[in-house]
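For reference, the chains in residue letters:
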Amino acid sequence: MRLRNRPGLWFGAPALAVAATAPLFLFTNSYNRGLLVLIVIYAMAGLSLDYIMGEMGQFSFGHAAFWGFGAYVSAKLALDLGVSPWIGFLAAPVAAGLVGLLIGYIALRRTRGLELAIVTLGFGVLAWTVALRWRPVTGGPAGLRQVPPPSLLGWEIRSELAYYYFALLLLLGVVFILTRLRESRFGRAVRSIHENEDLASSIGVPATRSYVFAFSFACALVGFSGALYAHHFRFVNPNLLGLQYMFIFLIVVLLGGTGTVWGPVLGAAIFVLVSEWLRALQEYRFLIFGVVLLMVVLFMPNGVFPALRRVARRVTGSGRSGGEEAARGAYPGSGGSEAG
């Protein structure tokens, strides 16, 4: 397999090597390894939002609500019913995906773009309010605590190092699924609707159904990452459903670059590490991070990863990937997809 034909490999292979060795040589204490876990979880959540923004060409302001919903579902099953966290890891994406299916069916039948953003914003505010006030179920502002960690063969995956490698393995699985999904008939259909919905519909692509299922998939994925968060940090509260995390996921996607598999992963690493390095500056760190983000938007409007990819293509002498024509391959008579 030649590097010039697989542009994603130039980043994926070195990134995997760094990710596998970082907790052993660079991040050697428990606190820093916890940052690595946060990077992986944010990367997974960013990938889910990027599927809505980059593949569907839409925007959801309620994405954090599905994240928090997945965290609550898995935590409640473990705390109230004594269900294994492994069952919670399955139940959380199913529950979030079903709610996303309902919201998507309501919002995407006639609305696109700004209308969808407003509908999902309303859902997010409603979900946050319910979580805040429904104390018997959600615990109110105090939330739910002592959420149990997952265990394997009687051994609890409790330490930062163990949970990091566990979450990293799951992230690689998510990257693989997204890569295969983008190359599939369904993934090409979604991109063709993004590029030209009328043209896609004229050749038989079911626009509404494809968008609803794509939205539901993204909600399921972010619900799964919410469950990972709950069982690692061992608490959930209504803040998980709020706009704070919505903006974090948005920053992760914009920093890394939309419409790419590795962009949100890189964006999550940049966001978490830069935020931590600026923590010593206290009240100035958000101002400085805002300036950094502004510089990225001005000089790398497509994100950091596409800029690095262009440099790699110049170095390897490869041209543009055939998959950049989004409608190709959606249905018979067309083909190609970009996996990077």
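None of these values were measured; they are calculated from a predicted model.

**A look at the overall build of the protein**
Piece 1. Across its full length, the protein carries 14 helices and 4 strands.
Piece 2. Residues counted as buried form 53% of the 340 residues belonging to the protein.
Piece 3. Taking as baseline every contact in the protein between residues at least 6 positions apart, the subset at least 24 positions apart corresponds to 77%.
Piece 4. As displayed, the protein has an accessible area near 15800 Å², and 66% of this comes from carbon and sulfur atoms.

**Things to note about the packing of helix 7 (residues 160–183) against helix 8 (residues 185–195)**
Piece 1. Contact geometry for helix 7 and helix 8: axes closest at 4 Å, N-to-C directions at 70 degrees. If you check the angle between helix 7 and helix 8, you find them roughly perpendicular. Touching Leu181, Arg182 and Glu183 of helix 7 are Arg185, Phe186, Gly187, Arg188 and Arg191, all from helix 8.

**Observations concerning a nonpolar patch on the surface**
Piece 1. Residues Leu281, Tyr284, Leu287, Ile288, Val291, Val292, Leu294, Met295, Leu298 and Phe299 make up a contiguous nonpolar surface patch of about 950 Å² in total accessible area.
Piece 2. Within the secondary structure, Ile288 sits in helix 13 (residues 285–299).

**Quick look at the environment of Val190**
Piece 1. Note on placement: Val190 falls in helix 8.
Piece 2. With a relative accessible area of 0%, Val190 lands in the buried category.
Piece 3. Sequence-distant contacts of Val190, that is, excluding residues within four places in its chain, are made with Tyr51, Glu55, Met56, Ser210, Tyr211 and Ala214.

**Some thoughts on the nonpolar core**
Piece 1. Counting residues in each nonpolar core, the largest one holds 99 residues, and the members touching the most others are Tyr42, Trp67, Tyr245, Phe249 and Phe271.
Piece 2. No other element matches helix 2 (residues 30–55), which puts 16 residues into this core.

**So, the environment of Gly104**
Piece 1. Considering the arrangement of structural elements, one finds Gly104 in helix 4 (residues 85–108).
Piece 2. Under the relative-accessibility criterion, Gly104 is labelled buried at 0%.
Piece 3. Once the C-alpha coordinates of Gly104 and Val119 are considered, the two residues, 15 residues apart in sequence, prove to be 9.6 Å apart.
Piece 4. In this structure, Gly104 is in contact with Arg109, Val212 and Phe215, ignoring residues within four places of it in sequence.

**Quick notes on the side chain of Ser225**
Piece 1. Examined against the element boundaries, Ser225 turns out to sit in helix 10 (residues 207–233).
Piece 2. Setting aside chain neighbours within four positions, we find Ser225 in contact with Ile41, Met44, Ala45 and Trp67.

**Description of unusual backbone geometry**
Piece 1. Phi is positive for Gln146, close to 60 degrees, though the residue is something other than glycine.
Piece 2. Along the chain, Gln146 falls in the loop between strand 1 (144–145) and strand 2 (151–152).
Piece 3. Given a relative accessible area of 57%, Gln146 falls into the exposed group.

**Details of the side chain of Ser216**
Piece 1. When you line up the elements, Ser216 lands in helix 10.
Piece 2. With relative accessibility at 10%, the residue Ser216 sits in the buried group.

**Side note on the packing of helix 3 (residues 63–80) against helix 5 (residues 114–133)**
Piece 1. At their nearest, the axes of helix 3 and helix 5 sit 9 Å apart, and the two run at 35 degrees to each other. Across the interface between the two elements, Ala65, Phe66 and Tyr72 from helix 3 touch Phe123, Gly124, Ala127 and Ala131 from helix 5.
Piece 2. Of the residues belonging to the contact of helix 3 with helix 5, the class tally is 6 nonpolar, 1 polar and no charged.

**Brief notes about the pattern of salt bridges**
Piece 1. Under the defined criterion, the tally for this structure stands at 6 salt bridges.
Piece 2. The residue Glu156 makes a salt bridge to Arg158 at a minimum N-O spacing of 2.4 Å.
Piece 3. What you see here is one network of salt bridges that share partners, running through Asp50, Glu55, Arg182 and Arg191.

**Focus: the packing of aromatic side chains**
Piece 1. For the structure shown, the criterion picks out 19 aromatic pairs.
Piece 2. The interplanar angle of 85 degrees and the centroid separation of 6.5 Å between the aromatic rings of Phe61 and Phe247 together place this pair among those described as edge-to-face. Taken together, the residues span a long stretch of sequence, with Phe61 in the loop between helix 2 and helix 3 and Phe247 in helix 11 (residues 243–256) at a distance of 186 residues.
Piece 3. Overall, the relative accessible area of 27% leaves Phe61 in the partly exposed class.
Piece 4. Classification of Phe247 as partly exposed rests on a relative accessible area of 39%.
Piece 5. Arranged with centres 5.1 Å apart and planes meeting at 85 degrees, the rings of Trp67 and Phe249 form a pair that is edge-to-face. A residue pair is termed long-range when its members are at least 10 positions apart, and Trp67 in helix 3 and Phe249 in helix 11 qualify at 182 residues.

**As for the confidence of the model for the protein**
In regions of low pLDDT, the predicted coordinates are not meant to be interpreted in detail.
Piece 1. With 88% of its residues at a pLDDT of 70 or more, the protein shows a mean pLDDT of 83.
Piece 2. Residue range residues 1–5 is modelled with pLDDT below 50. Its contacts to residues more than four positions away, or to other chains, number 8 contacts.
Piece 3. Across residues 319–339 the pLDDT falls below 50, and counting only partners more than four positions away or on other chains, this stretch makes 45 contacts in the model.

Conventions and cut-offs
Residues numbered from 1 in each chain as written. Predicted model: local features only at pLDDT ≥ 70, side-chain atom pairs only at ≥ 80, totals over all residues. Heavy atoms only, no water. Helix = DSSP H or I, 4+ residues; strand = E, 2+ residues; numbered from the N terminus. Buried < 20%, exposed > 50% of the residue type's maximum accessible area, 1.4 Å probe, protein only. Contact = heavy atoms within 4.5 Å. Areas by Shrake-Rupley, 256 points an atom, 1.4 Å probe, with all protein chains shown as cover. Axes fitted to C-alpha atoms, helices over the stretch in contact; angles between N-to-C directions. Parallel < 35°, antiparallel > 145°, perpendicular 65-115°, else oblique. Patch = residues over 30% accessible without salt bridge, like charges linked within 9 Å, V, L, I, M, F, W, Y side chains within 5 Å. Salt bridge = Lys/Arg side-chain N within 4 Å of Asp/Glu carboxyl O. Core = buried A, V, L, I, M, F, W, Y, C linked by side-chain atoms within 4.5 Å. Nonpolar A, V, L, I, M, F, W, Y, C, P; charged D, E, K, R; others polar. Phe/Tyr/Trp six-rings, centres within 6.5 Å; stacked < 30°, edge-to-face > 60°. pLDDT = per-residue confidence, 0-100.

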